[in-house]
Amino acid sequence: MKVTEHIQAAKGKTLFSFEILPPVKGKTIDSLFTVLDPLMEFNPSFINVTYHRSEQIYKKKVDGTFDRIDIRKRPGTVGICAAIMNHYKVDAVPHLICGGFSKDETENALIDLNFLGIDNVLALRGDSPKNEKYFSPDPNGHHYAIDLVKQIEKLNRGIYVEEEISDGGKTDFCIGVAGYPEKHFESPNPDLDLLHLKNKIEAGADYVTTQMFFDNTKYHEYVKKCRDLNINVPIIPGLKPVTSKRQLSVLPSMFHVDLPTDLATEIMKCKTDKDADKVGEDWLVEQAKDLLKSGAPVIHFYTLGKPQVVYNVMKRIM
Ligand code: FAD
């Protein structure tokens, strides 16, 4: 079932969804089920699975020179989606990125997803690999998420990249895209970022999932600005718990988001990560309660391998 159909069927009731990372290579699917099992008690409407592109590492050889090796630490997004749907009978939303994919490879991935009965895709650009400063697309790939949205929308109309296919079967993907209440870090200003979001919707995206934020005012203002621009699709707020003192600097530098002074001050006072985890949990409960009150369509939790806090929050708000 499509994300938008879940939202429609809920008739204004707020739904819940979780986002997980594929396990690191070498771990079994059971390690993922261990993370998800407790959360299934809350009947998530769908589960997102992130995509992680290859990283290049340099390995020293005996002669002192280096070999450049491509490694994918967290493979398996498509397989994991199929496993989740099969194991829990819950919809899975694979993240699909532009980086590292040619248009043909994207098409083949979409065909796989369609054959597996996966109805949703979150279409993203992806970031540059760790050792590159700027994002550069595959020579035959897409530069921006909007180009990926356009490809998926075309496939939904039976138009394939392979031009010889004249009578192609149509897919029917529900397309999600990313939105940034605090602006995407590369965008010159918030208005231009919103304009690019609007273009993604006009190109065929059906809903938006936001980057994490820790100040709900930013989400509410963002939704208002979107509505003023006639962006009328569901805007799903993404929430992430702060789980350690280190995250005070890691979250802003990694995700380009602010932590409000009240939250940061409380975390700075904490003596241990356990204390910080508790402050993060209390903060998240308040954020979630406010979003429930204001009628958010879905609350999307980034679990990022830390399901316990999300579990505690869900217990406290249900
Ligand atoms: P875009 O929409 O393409 O935007 C990228 C930048 O380009 C923005 O600054 C935008 O304003 C600008 N822009 C857009 N179109 C144009 C244009 N035509 N001309 C000029 N500028 C333009 N990354 C992963 O690698 N894997 C994941 O699984 C993943 N999941 C995510 C889930 C969510 C909910 C979010 C919010 C982010 C996720 N990301 C993931 C991170 C994401 O890939 C990065 O934030 C990336 O830098 C931007 O992706 P995007 O889809 O927003 O890109």
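Everything that follows concerns the structure shown earlier in this document.
Since we're looking at a predicted model, the values are computed, not measured.

A. A look at the site of the ligand. By nearness alone, 22 residues border the ligand, and D127, Y180, H184, D193 and K200 come closest of all. In this structure, an oxygen atom belonging to the ligand sits 2.8 Å away from a side-chain N or O atom of H95. Relative to its unbound accessible area of 990 Å², the ligand is 84% covered by the protein chains. Elements with a contribution of two residues or more to the shell around the ligand: β5 (91-97), β6 (120-124), α6 (190-202) and β8 (207-212). The element contributing the most residues to the shell around the ligand is α6, with 3 residues. Taken together, the residues that form the shell around the ligand break down as 9 nonpolar, 8 polar and 5 charged.

B. Spotlight on the packing of helix α2 (residues 29-39) against helix α3 (residues 77-88). Packing of α2 against α3 brings their axes to within 12 Å, and their N-to-C directions diverge by 55°. With respect to each other, α2 and α3 are oriented oblique. Classified by chirality, the crossing of α3 by α2 is right-handed. On the side of α2, the interface is formed by I29, L32, F33, L36 and D37, while α3 contributes I80, A83, I84, H87 and Y88. In terms of residue class, the contact of α2 with α3 is built from 8 nonpolar, 1 polar and 1 charged.

C. Quick peek at the environment of P188. Mapped onto the fold, P188 is located in the loop between β7 (174-179) and α6. On the basis of relative accessibility, which here comes to 66%, the residue P188 falls in the exposed class. Counting along the chain gives 57 residues from P188 to K245, while the straight-line C-alpha distance between them is 30 Å.

D. Broad picture of the side chain of S244. Positionally, S244 belongs in the loop between β9 (235-239) and α8 (247-255). Judged by its relative accessible area of 13%, S244 is buried. Residues in contact with S244, not counting those within four places in the same chain, are I267, D273 and A276.

E. Representation of the pairing of β7 in the model. For β7, the buried fraction is high: 6 of the 6 residues fall into the buried class. Side chains C174, G176 and A178 of β7 all project onto a buried face; the interleaved residues I175, V177 and G179 project onto the opposite face, where all are buried too. Sheet analysis places β6 next to β7, joined by 4 bridges and oriented parallel. Directly across from A123, in β7, lies its bridge partner V177. Handedness of the crossover joining β6 and β7 through helix α5 (residues 145-156): right-handed. Direction of pairing for β7 relative to β8: parallel, over a ladder of 4 bridges. Directly across from G176, in β8, lies its bridge partner Y207. Following the backbone out of β7, through α6 and into the adjacent parallel β8, one traces a crossover that is right-handed.

Parameters at a glance
- Here the residue numbers are simple positions, counted from 1 along each chain's written sequence.
- In keeping with the predicted nature of the model, local features appear solely for residues at pLDDT of at least 70, side-chain atom pairs appear and are counted solely at 80 or more, and the whole-chain, interface and lining totals rest on all residues.
- Neither water nor hydrogens contribute to the side-chain values; these are computed over all heavy atoms in the structure.
- In this text, near means that some heavy atom of the residue lies within 4 Å of the molecule or strand in question.
- Pairing of N or O atoms within 3.5 Å defines a polar contact, subject to two protein rules: one partner must be a possible hydrogen donor and the other a possible acceptor, and residues neighboring in sequence count only if both atoms are side-chain atoms.
- Here, Shrake-Rupley sampling with a 1.4 Å probe gives the accessible areas, and only protein chains in the shown set may cover a residue.
- Runs of E in the DSSP output that reach at least two residues are strands. Runs of H or I that reach at least four are helices, and both are numbered from the N terminus.
- Charged means Asp, Glu, Lys or Arg here, nonpolar means Ala, Val, Leu, Ile, Met, Phe, Trp, Tyr, Cys or Pro, and polar covers whatever is left, Gly included.
- Under this scheme, a helix contributes an axis fitted over its contacting stretch, all axes are lines through C-alpha atoms, and angles between N-to-C directions fall in the 0 to 180 degree range.
- An angle below 35 degrees is read as roughly parallel, one above 145 as roughly antiparallel, one from 65 to 115 as roughly perpendicular, and any other as oblique.
- The handedness criterion is simple: a crossing whose near helix is rotated anticlockwise from the far helix by less than a right angle is left-handed, and one whose near helix is rotated clockwise is right-handed.
- For this analysis, residues touch if any pair of their heavy atoms sits within 4.5 Å.
- Throughout this description, buried means an accessible area under 20% of the type-specific maximum (1.4 Å probe, protein chains only), exposed means over 50%, and partly exposed covers the range between.
- Two strands qualify as a pair provided DSSP detects at least 2 bridges between them.
- Crossovers are described as right-handed under a simple rule: with the strands pointing away from the observer, the path leading from the first strand over the helix to the second runs clockwise.

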